[in-house]
Amino acid sequence: VQVVESGGGLVQPGGSLRLSCAGSGFTISQYVMSWYRQAPGKERELVARSTSGGGSTDYADSVKGRFTISRDNAKNTVYLQMNSLKPEDTAVYYCNVWRPLPRVNVWGQGTQVTVSS
């Protein structure tokens, strides 16, 4: 089970980015797929989560209405569309794959998002 994130970069406040998380060695539809982020000096926090099969999603209060998590099962890829970005969204964003049984908890290497003018 492996995931690779891409799509990070430098964007001005109010701009948009789309992060991608490409899975290999597993089928994303069978797993909970999430995006987390970690800013300097802060703990890693959940940003958005999509349940297995994509049946439901939930978001951190700080990103509700601005970020959208989605899946493309044909491409075995999960996305995080980020709109109306703010400087406080600056962080390393990580993709996570999780399933309770048999237990799977896999992290990607992370992709840097910097929101600055």
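Below, the structure is looked at part by part.

Here we take up the pairing of strand β11 (residues 111-115). On β11, burial follows the alternation: Thr111, Val113 and Val115 on one face are buried, whereas Gln112 and Thr114 on the facing-out side are not. Of the strand pairs in this sheet, strand β2 (residues 9-11) and β11 are connected by three bridges, and their pairing is parallel. The residue of β11 that forms the bridge with Gly9 is Val113. With three bridges joining them, strand β9 (residues 91-99) and β11 adopt antiparallel strand pairing. The residue bridging Val92 from the neighbouring strand is Gln112, located in β11.

As a further point, take the nonpolar core. Core analysis: the biggest nonpolar cluster contains 29 residues, and Met33, Trp35, Leu80, Met82 and Tyr93 have the highest contact counts within it. Within the residue set of this core, elements represented by two or more residues are β3 (17-24), β4 (32-38), β5 (45-50), β7 (67-72), β8 (77-82), β9, β10 (104-107) and β11. At four residues, the largest contribution of residues to this core is made by β9. Sequence-distant contacts of Met82, defined by excluding residues within four places in its chain, comprise Gly15, Ser16, Leu17, Leu19, Arg66, Phe67, Tyr93 and Val113.

Here we take up the sheet that holds β3. The four strands lie next to each other as β1-β3-β8-β7, forming an open sheet whose pairing is antiparallel. Two strands bound the open sheet, and with one partner strand each, they are β1 (2-6) and β7. Adjacent strand axes in the sheet meet at a mean angle of 15°, parallel and antiparallel pairs treated alike. Relative to β8, β7 runs antiparallel, the two being bridged by six bridges. What sits directly across from Arg71, in β8, is Val78.

In this sheet, β3 lies alongside β1 in antiparallel orientation, the contact comprising five bridges. Bridge pairing links Gln2 to Ser24 in β3. Pairing of β3 with β8, which is carried by six bridges, proceeds in the antiparallel orientation. By the bridge assignment, Ser20 is partnered in β8 with Tyr79.

About the criteria used
Residues numbered from 1 in each chain as written. Predicted model: local features only at pLDDT ≥ 70, side-chain atom pairs only at ≥ 80, totals over all residues. Heavy atoms only, no water. Buried < 20%, exposed > 50% of the residue type's maximum accessible area, 1.4 Å probe, protein only. Helix = DSSP H or I, 4+ residues; strand = E, 2+ residues; numbered from the N terminus. Pairing = 2+ DSSP bridges. Core = buried A, V, L, I, M, F, W, Y, C linked by side-chain atoms within 4.5 Å. Contact = heavy atoms within 4.5 Å. Axes fitted to C-alpha atoms, helices over the stretch in contact; angles between N-to-C directions.

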